[in-house]
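Residue strings, one per chain:
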Amino acid sequence: MDRMPNWADAVLVPLISLLLAAILSAGVILAIGESPVDAFSLMVEGALMRSAGWGYTLYYATNFIFTGLAVSVAFHARLFNIGGEGQAMLGGLGVALVCLYIPWPHWSLAIVAGAVGAALFGALWALVPAYLQAKRGSHIVITTIMFNFIAAALLNYVLVNLLRPVGAMDPATARFPDAVHLPTFQDMFSTAATPLFRGAPANVSFFLALLACGLVWLLIWRTRLGYEIRAFGHSDSAARYAGISPVRITVVTMLISGGLAGMMAVNTTMGEAERLVMNATEGAGFIGIAVALMGRNHPIGVLLAAILFGFLYQGGAELALWTNIPRELIVVIQALVILFTGALDNMVRMPLERAFLAGRKRRA
Amino acid sequence: EPALIFDLGGKFDKSFNEAAFNGAQRWSQENGTSFREIELQSEAQREQALRRFAENGNNPIVMTGFAFGNVLGEVAPDYPDTKFAIIDMVVDAPNVRSVVFNEHEGSYLVGMLAAMASETGTVGFIGGMDIPLIRKFACGYAQGVKAVNPDATVIQNMTGTTPAAWNDPVKGSELTKAQISQGADVVYAAAGGTGVGVLQTAADEDILSIGVDSNQNYMHPGQVLTSMLKRVDNAVYDAMAAGPDLETGINVMGVGNGGVGYALDEHNAQLVTNDMQNAVDQAAEQIASGDLTVHDYMSDNSCPVN
Amino acid sequence: MSPHSPADAPAIELKGISKAFGPVQANKDISMRVMPGTIHGIIGENGAGKSTLMSILYGFYKADAGEVFISGKKTEIPDSQAAIRAGIGMVFQHFKLVQNFTVLENVILGAEDGGLLRPSLAKARGVLKQLAAEYELSVDPDTQVQHLSVGHQQRVEILKALYREADILILDEPTGVLTPAEADHLFRILDNLRAEGKTIILITHKLREIMEITDTVSVMRRGEMTATVKTAETSPEQLAELMVGRKVLLRVDKTPAKPGAKVLEVENLRLVDDKGVERLRGIDLEVRAGEILGIAGVAGNGQSELLEVLGGYATATGTVRVNGAAMPLSGPGSDGQSRRACGIAHVPEDRQHEGLIMPYTAWENTAFGYHRDPALQKGLLMDNAAIRADAAAKMDRFDVRPPDPTLAARNFSGGNQQKIVLAREIERNPDILLVGQPTRGVDIGAIEFIHQQIVRLRDAGKAILLVSVELDEIFSLSDRIAVMFDGRIMGVRDPAETDQTELGLLMAGITEKPDRPLIDAVDAKLDAKEAREAGHG
Amino acid sequence: MDFLTLLQVLDSTVRLATPLLLACLAGLFSERAGIFDIGLEGKMLASAFFAAATAALTGSVWLGLLAGIASSMVLSAIHGLASITFRGNQLISGVAINFLAAGMTVLIAQDWFAQGGRTPSLMSGGRFEDITLPLAGTLAPVPIIGPIYAELISGHSILVYVAFLCVPATWWVLFRTRFGLRLRAVGEAPEAVDTAGVSVIGLRFAAVGICGLLCGLAGAYLATGLQAGFVKDMTAGRGYIALAALIFAKWRPWYALWACLLFGLLQAVALRYQNIDLGGIVIPVQFMDALPYILTVVILAGFVGKAIPPRAGGEPYVKER
Ligand SMILES: Nc1ncnc2c1ncn2[C@@H]1O[C@H](COP(=O)(O)OP(=O)(O)OP(=O)(O)O)[C@@H](O)[C@H]1O
Ligand SMILES: Nc1ncnc2c1ncn2[C@@H]1O[C@H](COP(=O)(O)OP(=O)(O)OP(=O)(O)O)[C@@H](O)[C@H]1O
Ligand SMILES: [Mg+2]
Ligand SMILES: [Mg+2]
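Numbering of residues starts from 1 in every chain and runs along the sequence as written. Chain letters and ligand numbers both follow the written order, the letters beginning at A and the numbers at 1. For a predicted model such as this one, the threshold for reporting local features is a pLDDT of at least 70, and the threshold for listing and counting side-chain atom pairs is 80 or more; totals across whole chains, interfaces and linings nevertheless cover every residue. The side-chain numbers reported here are obtained from all heavy atoms of the structure, hydrogens and water having been left aside.

I would appreciate a short explanation of the sheet that holds strand 5 (residues 96-101) of chain B in the present structure.
Sheet strands associate in pairs through backbone hydrogen bonding, adopting either a parallel or an antiparallel arrangement. Residues and elements named next belong to chain B. Taken together, six strands build an open sheet; the order of strands is 2-1-3-4-5-11 and the sheet is parallel. Both edges of this open sheet fall to strand 2 (36-39) and strand 11 (249-253), since each of them pairs with a single strand only. Within the sheet, the average angular offset between the axes of one strand and its neighbour, ignoring direction, is 15 degrees. In this fold helix 8 (residues 232-242) packs onto strand 1 (3-6), strand 3 (61-64), strand 4 (84-87), strand 5 and strand 11, with an angle of close to 160 degrees to the strand it touches most, strand 5. Strand pairing is defined by DSSP finding a minimum of two bridges between the two strands. Secondary structure counts use DSSP, requiring at least four H or I residues in a row for a helix and at least two E residues in a row for a strand, with both numbered from the N terminus. Structural elements are reduced to axes, namely lines fitted to C-alpha atoms, with helices fitted over the stretch in contact, and the angle between N-to-C directions of any two is expressed from 0 to 180 degrees. Contacts were defined at the residue level, with two residues in contact if any of their heavy atoms lie within 4.5 Å.

Can you walk me through the domain arrangement of chain C in this structure?
When the parts of a complex come together, some accessible area is lost, and that lost area is often taken as the interface size. Residues and elements named next belong to chain C. Taken domain by domain, chain C comprises domain 1 (12-244), domain 2 (262-343 + 430-534) and domain 3 (354-429). A C-alpha centroid distance of 27 Å is found between domain 2 and domain 3. Residue-level contacts link 18 residues of domain 2 with 17 residues of domain 3. Note: buried area is the sum, over both parts, of the accessible area (probe 1.4 Å) each one loses when the two are combined. Counting the surface lost from both domain 2 and domain 3, the interface buries some 1300 Å², and carbon and sulfur atoms represent 63% of this. Every case where a carboxyl oxygen of Asp or Glu lies within 4 Å of a side-chain nitrogen of Lys or Arg is listed as a salt bridge. If you look at where domain 2 meets domain 3, you find zero salt bridges. How far each domain reaches was decided by an automatic or database domain assignment.

Looking at this model, I keep getting lost on the arrangement of the chains. Mind explaining?
With five pairs of chains in contact overall, the contact-richest pair is chains A and D. One finds no contact linking chain B with chain C; the least C-alpha distance across the pair is 40 Å.

So what exactly am I meant to see when it comes to the packing of helix 12 (residues 284-294) of chain A against helix 14 (residues 328-343) of chain A here?
In a pair of packed helices, the angle between the axes and the distance between the axes together describe the arrangement. Residues and elements named next belong to chain A. Direction vectors running N to C along helix 12 and helix 14 enclose 40 degrees, while the axes themselves pass 9 Å from each other. In terms of orientation, helix 12 and helix 14 fall into the oblique class. Considering only the axes of helix 12 and helix 14, their crossing is left-handed. Here Ile 287, Ala 290, Leu 293 and Met 294 of helix 12 come into contact with helix 14, specifically with Gln 334, Val 337, Ile 338, Thr 341 and Gly 342. Gly is put with the polar residues, along with every residue not named as nonpolar or charged; the nonpolar set is Ala, Val, Leu, Ile, Met, Phe, Trp, Tyr, Cys and Pro, and the charged set is Asp, Glu, Lys and Arg. For the contact of helix 12 with helix 14, a count of residues per class yields six nonpolar, three polar and no charged. Roughly parallel refers to an angle under 35 degrees, roughly antiparallel to one over 145, roughly perpendicular to one between 65 and 115, and oblique to any angle outside these ranges. Crossings are sorted by hand: turned counterclockwise from the far helix by less than a right angle, the near helix makes the crossing left-handed, and turned clockwise it makes it right-handed.

Which parts of the structure should I look at to understand the site of ligand 1?
Within the structure, ligand 1 sits among 17 residues, and Gly47(C), Lys50(C), Ser51(C), Thr52(C) and Lys319(D) are positioned closest to it. Chains contributing residues to the immediate surroundings of ligand 1 are chains C and D. Between an oxygen atom of ligand 1 and a side-chain N or O atom of Thr52(C), the distance comes to 2.4 Å. One of the side-chain nitrogen or oxygen atoms of Gln93(C) is found 3.0 Å away from an oxygen atom of ligand 1. The accessible surface values rely on the Shrake-Rupley method and a 1.4 Å probe; as for residues, cover is taken only from the protein chains in view. Protein burial of ligand 1: of its 630 Å² of free accessible surface, 79% is covered by the chains. Counting residues per element, the ones that place at least two in the shell around ligand 1 are strand 2 (24-34) and helix 1 (50-57) of chain C. We call a residue near a molecule or strand as soon as one heavy atom of that residue lies within 4 Å of the molecule or strand. Two N or O atoms form a polar contact when they lie within 3.5 Å of each other; inside protein one atom must be a possible hydrogen donor and the other a possible acceptor, and for residues adjacent in sequence the pair counts only when both atoms belong to side chains.

This is the structure we're talking about:
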């Protein structure tokens, strides 16, 4: 007998946690002398009431889906991949090399190659921490943090010293050729009469992200590998008994995780900037942690949480545009969401469990 | 209603962006009207801010910093009825005014002052991000120093290679200490927010510093030799004053048209003697008249002196 | 004993103690009295709530309801500090020691004098020397605990309690980890303590020990206290019945074995663990078709490692042949999947941490370890419908209750969890079955069933290697008995021609009659083992 | 490199190692008690801001220091609440705290000072001035020793000396006192501490509190000692480097000193020299920036002696499921 029905753990706990985070956020807005209601309606207005707003929301969401899936796949094997940021940076490098040095006839080919390049580089960047965890027991949280910094230095070096076009000011690659331009939502859904998603960066990568959700679901719950990943995550001693190699699972899971994180770059680098810039990831790797936590490591949850965070990002940008509220408010809200859904979830779960237990006793 | 977009360094960098803000502020106070502004936090916001302001009917839209170049090139054609002004970068579009400054000329002038004020014959330069634009500052400065004292040593350091270099006062401070230990007694900071650390350390260690972009003499009165003025404020003021009728094309601001210069006020009056002032003013005149050409690093990516 | 207590007041009296862990009611309205200067036994099956009750008395858990009286005075015990102040000391079933602290540091932890360590350590060194002499509890005060054998770690726990001047000493299943000789030694110490007027509560489920040493005994079943009787006035049979709630038959019906060909042969098997300690030091044995080879020994002498090597999840050197064919012991082909493919099935010692994935459903667990079997796949995906149907059938044949394959494994009781593991392994019809502690934590009813299944498999001509720390179980199932000590087989005996005493000596590593007191001989053996292991630490 | 330059580099090493050392010792207390803390960065940042802001508003650096420590300890309390009281995931809590500090500092700075997330520059009373040790002037002319004493040892702000004194103090507390014994025990085997009648929760909160205090010192030093004011994200990853140093030091106080000095030296060199030319081979500055992290990974990989963290580290103490 469990203490609490599954649905309560999967839905009720995160919802209440989210609510607590929202209440505190409102308090913060009040404290800096602004109206939470106005702020919220401005965010909704700017992020959800216009097609271009959705275009931004879904653009950010695409990033978060990839990094959220990356964190959650690793989490099923009880590996805490904090390295999404670095893996995504390297993914960007993969995309840039694919786009700059191979002449693509059409974007449809380029996106496949770009995704492969991104996934490959992201996976490679996850490989060393994975290997060290599996073979030498080095705590993957620390190694992936270290690899984030190493990635930043590496990318810095590559952009400044190798890939920056002569005479350019900012550390970025040259623009990708037009052939690899990915269709944006504007290209796809606008008609002459009704312009939609004008200027918004959302692009076909969003569908790639949806595809990734589906594939991850199949992988985790329908394949042998997923069965082994989850088994290893629940009990590594049992996995050993069953002949599931911890080294293999750790490495393979982290490769998949790193690959997913890397694929975020298809959206930012190929889809939006169309060149590799220094800080293309902008913390999305870390948001992935919050997204995975909120989404309870399930692709559908990750998708919904990613859209929520996309909304926060876009809404936050709108706030900064039209009010004096700094965009850091969004960082604070993010922090509160991570805190309540991730670290303090027992604060919600414990009383709920007690309530369910008491309810059951009364019925019995 | 015009709009102003600040680059990632932020509006209060005491330097480049702040100069832009001051210009806009001056315009708004004189006319009793308001303007829209935003400080960018992320790359993806550049385009968003441009479009949102354009759609909102803001005109003209002024932005500070070369980093907008790429994005503006894409966005400007979508809003032919909106005028854009970009500072520090040339964007070729019919509705864009590109304002560029002859920073090398202003730097030349403060370089002369540095050489004249230096007792050790060694002066320093601390740049922000290592890009051609900042090398242009450095090169002009070095030329000015050598013009006064051909035997002088100019120590040059760049803070970094990424935009973070604009906002790293700790590093600015350490670099200043390093230059002082190498004998520098005047240090010129062309490094945005990083310069705050440079000026602070120079004041703490009792040497002279030179500010950049805005007039920074007030920050440590009596200890900032001068500031290389880059009249971003004027550029912004002019653009806003012109309103929707903003003249487009390339607008070069140099010593001749008061676009760059050096700052003299009550805070550094005792530091700049009459002789020094005369010498510099004379050089300024020569530059304005074309008798003296200061080499522009960005013209060939090299510097004749260093 | 406190001088103020009225002479006839019980040293401990519990009234109406209840404790629930979430949905599990571990203690239900328990009352109990323990008289001063006696040894009071508590007996009950696994999970009956013995440890919980004692942990409440020691302030480790807080009771949901109930009162505690010490020497007649009502005493609140909100934490262990209060219990220690009330003169209670406890040796837990799972030791509570800091592994990388020295014995001395462990002893003073929480009982230091003053803020600085130096004086406390000096004082404790003196007291320890005295206690060691007084109670034959010698351990080197400067050794790190992780380098001590379990028997010696237990001494540290007892010393901790004595150092705190405990009048009431609780020992939770102290003999589970001891050789018979060490257990006898422990009982002598307890005798001494009782003679000094200390009160002792002894938890065990070995009826022999209860009969041997206790004055009174309480029986627990499913969270309740079913009876308290004077030891002199009861019998093992009566206690067993009180424990389980019905008459029990502890013998297994089986016919003599008809051993066939050698199925499993092991030669010179050696294993060095990741600390560099040699855990298997040249094992030779063979198991024939149609026989059960039982391996007896105190936990921690290499039995687990032996099972791990044979089961394919530890690497070793030496030779292992299955049906005459040599198996790789490291590298490719040495993993569990390959072993299963060769007809080796394995019921692991620890079903919760090895045999099952607790959050997985029962049907998912019935494929565990065999999940790569092509028969369970449909294209790239797993054929979950087939696995589920198969699981329902297996659970039915093994009488798993409740027979619901969609329930998570953690929601089955221990006995039913074990049946799920057995169903999975036996129904595969393997040539060799490795079984570790098959009935640990399982009630008597289920024990009968599990023993029957193992014998049935033997009678079907399969080879079975049984590892158990329960000598009774070894005796009742095995056709031959091998005894392990410190990574070696000390001897192989025919169960009909040996007895508990002989096996007990072998379990302590003693092969011939010692010329000095038994416990010293045992200690010498253990010291040698410790020194060997510490040498690599 | 001549002697004077070397001295300058070492001088700057001392300055840059100070915040690392304080944060590293902070982490040491916390992790020795079994509470992993990747929120060092956030605590330092919060302290840097509140120290600078208070010093700017009151003109007193000491009030600033107190405010910095208080803010850091508030974040510590949140971490304690999440990871000790509610048995949450310590890593996630640390991540949240880093975000919280990054956002809150700018938000409040903007609200109070409206200077784009920075505080006003601190004037003299609002900063820790450098202390000239006795005889520094007199000894300076003595060759070798003189400059070392006058330049390297003398002339730092008080917090630098505090930080360096914290090393022996930490060692003494951990290995020579009752509190230290219990603290180390609770990081190795909390159940042993619990059954010995000592409160696990109390000890862990105490450790987390000390961690907050030391992070507070580190942050205050950044904003009021090393710098004259707060700028957004001014910790610039120092919390993570301190974490790296902690692992590098294998959770020991004296090793922590050497690790922080090494990482400080790397930073000092990377600050001064953009690219280091080693006769043909040019070491790019980015490599110098990454070196502390690379070294830490090497240590973690166990190629240079294995780093074994406290056994109960990262795990909440759960008695009843
Ligand atoms: N910390 C805990 N959290 C939740 N449930 C627990 C805990 N400790 C014990 N239980 C449950 O309480 C019940 C009684 O456990 P307890 O350990 O007291 O039994 P026991 O009689 O000592 O058994 P054994 O002979 O196996 O030691 C069991 O069902 C067990 O699963
Ligand atoms: N951790 C747990 N979570 C939820 N329910 C549990 C847990 N542990 C035990 N239970 C429930 O409590 C009941 C008793 O469990 P326990 O393992 O103590 O059984 P038992 O009385 O020892 O039975 P058996 O003799 O079969 O081992 C089980 O039927 C199970 O449903
Ligand atoms: Mg027990
Ligand atoms: Mg049970």
